[in-house]
Amino acid sequence: EIIECLDTVPAVSNADRYIKQVKDAAVSARAAAIGLQIAAGTMEPAEILESAKRLSELATGRTPAAAHRMIDLLVGFMERHRPGVRREYIGTGFAKLDKQLYLSPGDMVVIGGRPSSGKTAFSIQLALKIAAQKKRVVYFSLETNKETIIDRMVACYGALPLESIKRNYDFGLDTAEVARTLDVMAGLDIHVVEAAGRSVAWMESEALRLNADAVVVDYLSLVPEKAASIYERVTKVSLALHTMAQKNHLLVIVLSQLNRAGAGIPTMEHLRESGQIEQDADVIMLLATDRDTHECVVNVAKNKEGIIGAVQMYFDGARQRFSEMEGRREE
């Protein structure tokens, strides 16, 4: 009997085609059943319309969006805002920024900056801070290998000189203290995924498989997508990331390169390749770092549910750490 079963199972190389055939046959069977019900002539017009919609969904592979009644929405509103209930948001770990932002699952956050402005370091620090809130973070690196990412994470979290880590110098700290730092980091629920050449669909699948609460994509213009131009590709990728965030209730943080041209605090006009990024993002933070003074301005240029404005920070490149400074600039 086992041999007979094996003979009926398709070869592994043909598994994808076999699965598609089974799926198509099931869809055809369901469509035929609906068609027969309509052809029987016993349905009311409203029932025929509903059956036609179901046929359309089967043909396109799309499921209808959930519709929520006003009364249900208001009940949910009252539940969320009843006395004593505190709304919880995902923090960045920066007090001034968190007074401006209301980051929630489903948001798409764009971190923009010119080359060497500290975008990756900033995103790594956000990943560490979010994970410290008992969230699972998946860091998709399309440019940097996992060893480099973890080196920078350790430098940031432990305030250790990155150069000492890269060259295996004495960290300048007691060995036991370093061990304690690594022990605490081991408890952070972060997954680093080398994602060079991977599509948004693949990253979405991995994020769901890993049951992520938040994902970081470093960075947008490296994500592949079939398109006739760079503009079209970036537009498609931005839309896909926005959909990924909303559909799966994920916080999606994506890095984006800014145009080299221009000086001073960057604006959304400096986002490269596509205006779609500006449209899709719930929050856009643009970094401008002075290499001489190490002062950094994090300009919250777009914030759908909070206030905009720039926060003064200091970037300790040697230890890959950002810290807030006194003072705050307004747009």
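Cut-offs applied
Residues numbered from 1 in each chain as written. Predicted model: local features only at pLDDT ≥ 70, side-chain atom pairs only at ≥ 80, totals over all residues. Heavy atoms only, no water. Helix = DSSP H or I, 4+ residues; strand = E, 2+ residues; numbered from the N terminus. Buried < 20%, exposed > 50% of the residue type's maximum accessible area, 1.4 Å probe, protein only. Contact = heavy atoms within 4.5 Å. Axes fitted to C-alpha atoms, helices over the stretch in contact; angles between N-to-C directions. Parallel < 35°, antiparallel > 145°, perpendicular 65-115°, else oblique. Left-handed = near helix turned anticlockwise from the far one by under 90°. Nonpolar A, V, L, I, M, F, W, Y, C, P; charged D, E, K, R; others polar. Arc of directions from axis to C-beta. Salt bridge = Lys/Arg side-chain N within 4 Å of Asp/Glu carboxyl O. Phe/Tyr/Trp six-rings, centres within 6.5 Å; stacked < 30°, edge-to-face > 60°.

S.K.: What exactly am I supposed to notice about the side chain of Thr92 here?
M.R.: Tracing the backbone through its elements, the reader meets Thr92 in the loop between α4 (70-80) and α5 (95-100). Judged by its relative accessible area of 1%, Thr92 falls in the buried class. Excluding residues within four positions of it along the chain, Thr92 makes contact with Leu97, Asp98, Leu101, Leu103, Leu126 and Lys129.

S.K.: Quick question: what am I supposed to make of the packing of helix α10 (residues 200-209) against helix α11 (residues 230-248) here?
M.R.: Between two packed helices, what matters for the description is the angle formed by their axes and the separation of those axes. At a closest axis distance of 10 Å, the pairing of α10 and α11 adopts a crossing angle of 20 degrees. Classed by the angle they form, the pair α10 and α11 counts as roughly parallel. The interaxial crossing formed by α10 with α11 has right-handed handedness. Seen from α10, the contacting residues are Val200, Met203, Glu204, Ala207 and Leu208; seen from α11, they are Val237, Ala240, Leu241, Met244, Lys247 and Asn248. When its residues are assigned to classes, the contact of α10 with α11 shows 8 nonpolar, 1 polar and 2 charged.

S.K.: Please clarify how α10 should be interpreted in this entry.
M.R.: An α-helix turns once per 3.6 residues; consequently, residues spaced three or four apart project the same way. For α10, the full list of buried residues reads Val200, Met203, Glu204, Glu206 and Ala207. The arc that holds every buried residue of α10, seen down its axis, measures 165 degrees, which confines them to one face. With respect to the buried face of α10, the exposed residues turned more than 90 degrees away are Ala201 and Arg209. On its buried side, α10 packs onto β2 (137-141), β4 (214-218) and α11. Where α10 terminates, the next one or two residues include Asn211, which has phi positive at roughly 55 degrees.

S.K.: Sorry if this is basic, but what is going on with the pattern of salt bridges here?
M.R.: Between side chains of opposite charge, pairing is possible as soon as their charged atoms come close. Using the criterion set out here, one finds 11 salt bridges in the structure. Across the pair Arg69 and Asp72 runs a salt bridge, and its minimum N-O distance is 3.0 Å. Residue classification places Asp72 among the partly exposed positions, given a relative accessible area of 40%. Arg82 is the partner of Glu79 in a salt bridge, and the nearest nitrogen-oxygen pair spans 2.5 Å. Note on Glu79: relative accessible area 46%, which makes it partly exposed.

S.K.: What should I look at first to understand the packing of aromatic side chains in this one?
M.R.: Aromatic rings in a pair are described by how distant their centres are and how their planes are angled relative to each other. Counted under the stated rule, the structure contains 5 aromatic pairs. Arranged with centres 6.3 Å apart and planes meeting at 65 degrees, the rings of Phe140 and Trp202 form a pair that is edge-to-face. You can see Phe140 sitting in strand β2 and its partner Trp202 sitting in helix α10, a full 62 residues away along the chain. Given a relative accessible area of 26%, Trp202 falls into the partly exposed group. Look at Phe315 and Phe322: their rings are 4.4 Å apart centre to centre, the planes differ by 20 degrees, and that puts the pair in the stacked class. The pair Phe315 / Phe322 is uniform in exposure class, with both members buried. Ring-pair connections join several aromatic residues into one group, and the members of that group are Phe94, Phe122, Phe315 and Phe322.

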